[in-house]
Amino acid sequence: MKILPRYYIRYKGVNSFYTGLTVGAVFTIYSALDPSIFSIGGILLAVGMLVIARYYEKILNLRSFYLISMLVELVMLFLVTWYLLFPYGYATALLVYAGYQVTFMFGAYLVRAETIFLNKKTILSWLDMAKQAGYLAGMLVSWLFYKILEKGLGLIDHSKEVYYLHWLLLLTEITVIFLLFHSFEKKRISPKI
């Protein structure tokens, strides 16, 4: 298995675009949660990151990197789909928050692995530029999206705006998973005769 840098850089750019799109949405989704939830979530996040760091020796390989990256993206796809099916309420807000915390637990690992497996300065430079460009583009598109809904369509209900944004998030996350899948060359083992 090996990483295909051109696809991987595109994947990270679209992944960051997704993150940029979500910046304003999470505040509306999380409004149902008690502030103490964020303290507990932060504690669990730190403990989870400690546990994952403890196992770097076993999971800091290309196959685990691919599988954990895919797991994180599938969790995000699940959360977006869940929100589209069950958009409002405490349970959905708690599930979305917990899902994001689970994906954040792998954040340090994914950055470390990325640096190890894409260890050329030029590739890392392009990767970071793609991430920042994607993030900025995502925030700009979400701002325009909200303004079009408000000014163009007269929609001022923030929860409905966030719901409609999730359709764009769904398409973006499907694209992210597609690009991630194609970012890794999987070696096929031919059967011995």
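Residues numbered from 1 in each chain as written. Predicted model: local features only at pLDDT ≥ 70, side-chain atom pairs only at ≥ 80, totals over all residues. Heavy atoms only, no water.

Chemist: Explain the overall build of the protein chain to me, using residue names and the numbers behind them.
Modeler: A tally of helices and strands in the protein chain yields 8 helices and 2 strands. Listing every helix and strand of the protein chain by position from the N terminus yields β-α-α-α-α-α-α-α-α-β. The C-alpha radius of gyration of the protein chain comes to 18 Å, within 12% of the 16 Å expected for a compact globule of 193 residues. Principal-axis analysis of the C-alpha atoms gives the protein chain an extent of 65 × 40 × 35 Å. Going through the 193 residues of the protein chain one by one, you find that 41% of them count as buried. When the accessible surface of the protein chain is totalled, it reaches about 11,500 Å², and 70% of it is carbon and sulfur. (Helix = DSSP H or I, 4+ residues; strand = E, 2+ residues; numbered from the N terminus. Rg over C-alpha atoms; globule rule 2.2 N^0.38 Å. Buried < 20%, exposed > 50% of the residue type's maximum accessible area, 1.4 Å probe, protein only. Areas by Shrake-Rupley, 256 points an atom, 1.4 Å probe, with all protein chains shown as cover.)

Chemist: Report on the environment of Thr 22, specifying residues and quantitative values.
Modeler: Structurally, Thr 22 can be placed in helix 1 (residues 5-30). Between the alpha carbons of Thr 22 and Gly 138 there is a distance of 8.0 Å; along the sequence they are 116 residues apart. Every residue in contact with Thr 22, bar those within four places of it in the chain, is listed here: Tyr 100 and Leu 169. (Contact = heavy atoms within 4.5 Å.)

Chemist: Lay out the nonpolar core with the relevant residues and their values.
Modeler: Nonpolar side chains in soluble globular proteins tend to end up buried together. Judged by nonpolar contacts, the single largest core of 28 residues is most densely connected at Ile 3, Tyr 8, Ile 52, Phe 65, Tyr 109, Leu 110 and Phe 184. Looking at this core, the elements that each hand over two or more residues are helix 1, helix 2 (35-54), helix 3 (56-59), helix 4 (62-85), helix 6 (107-117), helix 7 (121-152) and helix 8 (158-182). Considering every element that reaches this core, the biggest residue donor is helix 4, with 6 residues. The contact partners of Ile 3, leaving out residues within four places of it in the chain, are Tyr 8, Leu 62, Phe 65, Phe 117, Leu 118, Ser 183 and Phe 184. (Core = buried A, V, L, I, M, F, W, Y, C linked by side-chain atoms within 4.5 Å.)

Chemist: Help me get a handle on helix 6, residues and values and all.
Modeler: Listing the buried residues of helix 6 in full gives Tyr 109, Leu 110, Ala 113 and Glu 114. Along helix 6, the residues classed as buried sweep out an arc of 130° about the axis, all on the same side. Contact partners of the buried residues in helix 6: helix 1, helix 2, helix 3, helix 4 and helix 7. (Arc of directions from axis to C-beta.)

Note that all results are geometric; they support no functional claim without further evidence.
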